Amino acid sequence: MLSALLAVLAAVANGLASVLQRKAARDRPASESLSWRLIRHLLHRPVWFGGVASITAAFLLQAVALGIGRISVVESILVLDLPVALILSSLLLHDRMRAREWAAAAAMAAGLAGMLLSLEPAAGSAGAVSGPAWAMASGANVLLIAAGVWWARLSGEGARKAAILGTTTSFGFALTAALIKGATGTVGHGIGGLFTSWQLYAMIVAGAASMFLLQSAVHAGRLLAAQPGLSLGDPVLSMLWGTVVFGETVRGGWHIAAAAFAAAVVGMAVFVLAHSPALADDDGRPDESDATPVAGEAA
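Remember, predicted model here, so these are calculated numbers, not experimental data.

Calculation rules
- Residues numbered from 1 in each chain as written.
- Predicted model: local features only at pLDDT ≥ 70, side-chain atom pairs only at ≥ 80, totals over all residues.
- Heavy atoms only, no water.
- Helix = DSSP H or I, 4+ residues; strand = E, 2+ residues; numbered from the N terminus.
- Contact = heavy atoms within 4.5 Å.
- 1 Å grid on protein atoms, 1.4 Å probe; cavity = no way out; pocket = protein on both sides within 12 Å on 5 of 7 lines; lining within 4 Å.
- Points joined across faces, edges and corners; volume = space filled by probe spheres on them.
- Axes fitted to C-alpha atoms, helices over the stretch in contact; angles between N-to-C directions.
- Left-handed = near helix turned anticlockwise from the far one by under 90°.
- Nonpolar A, V, L, I, M, F, W, Y, C, P; charged D, E, K, R; others polar.
- Buried < 20%, exposed > 50% of the residue type's maximum accessible area, 1.4 Å probe, protein only.
- Phe/Tyr/Trp six-rings, centres within 6.5 Å; stacked < 30°, edge-to-face > 60°.
- Parallel < 35°, antiparallel > 145°, perpendicular 65-115°, else oblique.
- Core = buried A, V, L, I, M, F, W, Y, C linked by side-chain atoms within 4.5 Å.
- pLDDT = per-residue confidence, 0-100.
- Patch = residues over 30% accessible without salt bridge, like charges linked within 9 Å, V, L, I, M, F, W, Y side chains within 5 Å.
- Areas by Shrake-Rupley, 256 points an atom, 1.4 Å probe, with all protein chains shown as cover.
- Salt bridge = Lys/Arg side-chain N within 4 Å of Asp/Glu carboxyl O.

Engineer: How should I be thinking about the environment of alanine 152 in this particular structure?
Structural biologist: Relative to the helices and strands, alanine 152 is located in helix H7 (residues 131-154). Counting along the chain gives 68 residues from alanine 152 to alanine 220, while the straight-line C-alpha distance between them is 9.8 Å. Contact partners of alanine 152, with chain neighbours within four places excluded, come to Lys161, Ile164 and Leu165.

Engineer: Where do I start with the layout of surface pockets in this structure?
Structural biologist: Once rolled over the atoms, a probe with the size of a water molecule shows which space is left empty. A volume near 460 Å³ is recorded for the largest pocket. Lining the largest pocket are 24 residues, with Asn14, Ile55, Gln62, Phe173 and Met211 positioned closest to its centre. When residues of the lining of the largest pocket are traced back to their parent elements, those giving at least two are helix H1 (2-25), helix H3 (46-68), helix H8 (159-184), helix H10 (198-220) and helix H11 (223-245).

Engineer: Would you mind showing me how to read the packing of H1 against H10 here?
Structural biologist: Two measures define how a pair of helices packs: the angle their axes make with one another and the distance between the axes. It is the contact of H1 with H10, at a shortest axis distance of 8 Å, that shows an interaxial angle of 65°. Pair H1 / H10 crosses with right-handed handedness. Facing H1, whose interface residues are Ser18, Gln21, Arg22 and Ala25, H10 presents Met211, Leu214, Gln215, Val218 and His219. Counted by class, the contact of H1 with H10 contains four nonpolar, four polar and one charged residues.

Engineer: Help me out: how do you make sense of the side chain of serine 210 in this one?
Structural biologist: For serine 210, the location among the structural elements is in helix H10. Accessibility expressed as a relative area gives 2% for serine 210, which makes it buried. Apart from the residues lying within four places of it in its own chain, the contact partners of serine 210 are Thr169, Gly172, Phe173 and Thr176.

Engineer: For this particular structure, what's the right way to read the packing of aromatic side chains?
Structural biologist: Aromatic ring pairs are reported here in terms of the distance separating the ring centres and the angle at which the planes meet. In the structure shown here, the tally under the stated rule is five aromatic pairs. Taken together, a centroid distance of 5.7 Å and an interplanar angle of 45° make the contact between tryptophan 134 and tryptophan 241 tilted. With a gap of 107 residues between them, tryptophan 134 in helix H7 and tryptophan 241 in helix H11 connect regions that are remote in the sequence. Of the residues examined, tryptophan 241 reaches a relative accessible area of 4% and is grouped as buried. An angle of 35° between the planes, with centres 5.9 Å apart, marks the rings of tryptophan 241 and phenylalanine 246 as tilted. In terms of burial, tryptophan 241 and phenylalanine 246 fall into one category: buried. Of the aromatic side chains, those joined through ring pairs into one cluster are Trp134, Trp198, Trp241 and Phe246.

Engineer: It is not clear to me how the packing of helix H5 (residues 81-92) against helix H6 (residues 99-119) should be interpreted in this structure. Could you clarify?
Structural biologist: One way to put it is that H5 packs onto H6 with a least axis distance of 9 Å and a crossing angle of 155°. Taken as axis vectors, H5 and H6 run roughly antiparallel relative to one another. The segment H5 lies against H6, with Leu82, Leu86, Ile87 and Ser90 engaging Trp102, Ala105 and Met108. Here the residues of the contact of H5 with H6 are counted per class, giving six nonpolar, one polar and no charged.

Engineer: Would you explain the environment of alanine 163 in this entry?
Structural biologist: With respect to the helices, strands and loops of the structure, alanine 163 is situated in helix H8. When the C-alpha positions of alanine 163 and alanine 226 are compared, they lie 4.4 Å apart, and in sequence the two are 63 residues distant. Contacts of alanine 163, omitting those with residues within four sequence positions, involve Ala225 and Ala226.

Engineer: What am I meant to see in the nonpolar core here?
Structural biologist: Ile71, Trp241 and Phe246 are the most contacted members of the largest nonpolar core, which has 47 residues in total. Here this core takes eight residues from H8, the largest share from any one element. Formed by 14 residues, the second largest nonpolar core is a distinct cluster that contains Ala159, Ala162, Ala217 and Leu230.

Engineer: I would appreciate a short explanation of the side chain of histidine 255 in the present structure.
Structural biologist: Position of histidine 255 relative to the elements: it lies in helix H12 (residues 254-274). For histidine 255, a relative accessible area of 13% gives the class buried. For histidine 255, the contacting residues outside a window of four places in its chain are Ser118 and Leu119.

Engineer: Sorry, what's going on with the confidence of the model for the protein chain here?
Structural biologist: In low-pLDDT segments, the atomic positions of the prediction should not be examined closely. The pLDDT averaged across the protein chain works out to 79; a share of 82% of its residues lies at or above 70. The secondary-structure element of the protein chain with the lowest mean pLDDT is helix H9 (residues 191-195), recorded at 67, while H7 shows the highest, at 93. Every residue in residues 281-299 scores below 50 in pLDDT, and together they form 37 contacts with partners more than four places removed in sequence or on other chains.

Engineer: Can you walk me through the environment of proline 228 in this structure?
Structural biologist: By the element assignment, proline 228 lies in helix H11. According to the relative accessible area criterion, proline 228 is buried, its value standing at 7%.

Engineer: Can you help me understand a nonpolar patch on the surface in this one?
Structural biologist: Together, Leu2, Leu5, Leu9, Val64 and Ile68 give the surface a local cluster of nonpolar side chains, amounting to about 470 Å² of exposed area. Elements that contribute at least two residues to the nonpolar patch include exactly H1 and H3. Ranked by the residues each element gives to the nonpolar patch, the list is headed by H1, at three residues. By the secondary structure assignment, leucine 2 is in helix H1. A relative accessible area of 53% means that leucine 2 is categorised as exposed.

And the structure:
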């Protein structure tokens, strides 16, 4: 299936983007989290632009995949960006991975794959969604994002904040994916239908806001703290978008029980990663006094 292949390629590009953006932001002071000052400093780092290029490629691949495939399937496949990010992080950032982390990451991917195979979502129609349904679903998604940002601001610095921001960012990307699906659904009415659809412009705003949150998520703590939420929140919320909003149907009966078991596996894997010693804040971020920006600074 072409949409599945494109989703796999998008997952690889997403994983690479997370690592490159973390590499660019890891030595900035914690006070710059959720601040435009962080973006200003990153603009002086070539490696950050590599991350932007990777996530742009991922976005384009994802858009094409969503245009021809089901949102619940495409977004679930994107969980593969987690093992990609962990492997690249161990190579590029020297974050030591233990057997427990590798096993938990594998369990996360296997659990989501099990959910997808058990439920086997069937195609729905983004074009059939009414205006009030769009408003309610989008509003609920935005409220989740706002709650995550509020919680992150109240949290201390380090792994917990990175995990909260990672999950919040994934909610933003889920909204972006839903809007992409809605926008591509108008292409059947001609290219003019795409540029006159409100979803296209809402998608640009949601995507830009999610990119801003992503920079803070990978900056707030070690990548291993942020990446699970980044990888898991999007497919879970996108599956809700697909089934509740776009009318993608899922199998019932014992398949629901199998999907619930797979979801429990995912939850256990997240618990293991959340309590891993590898989440300790030992990445060497400088204190405020040591964080004087240097013009033209490169990673």
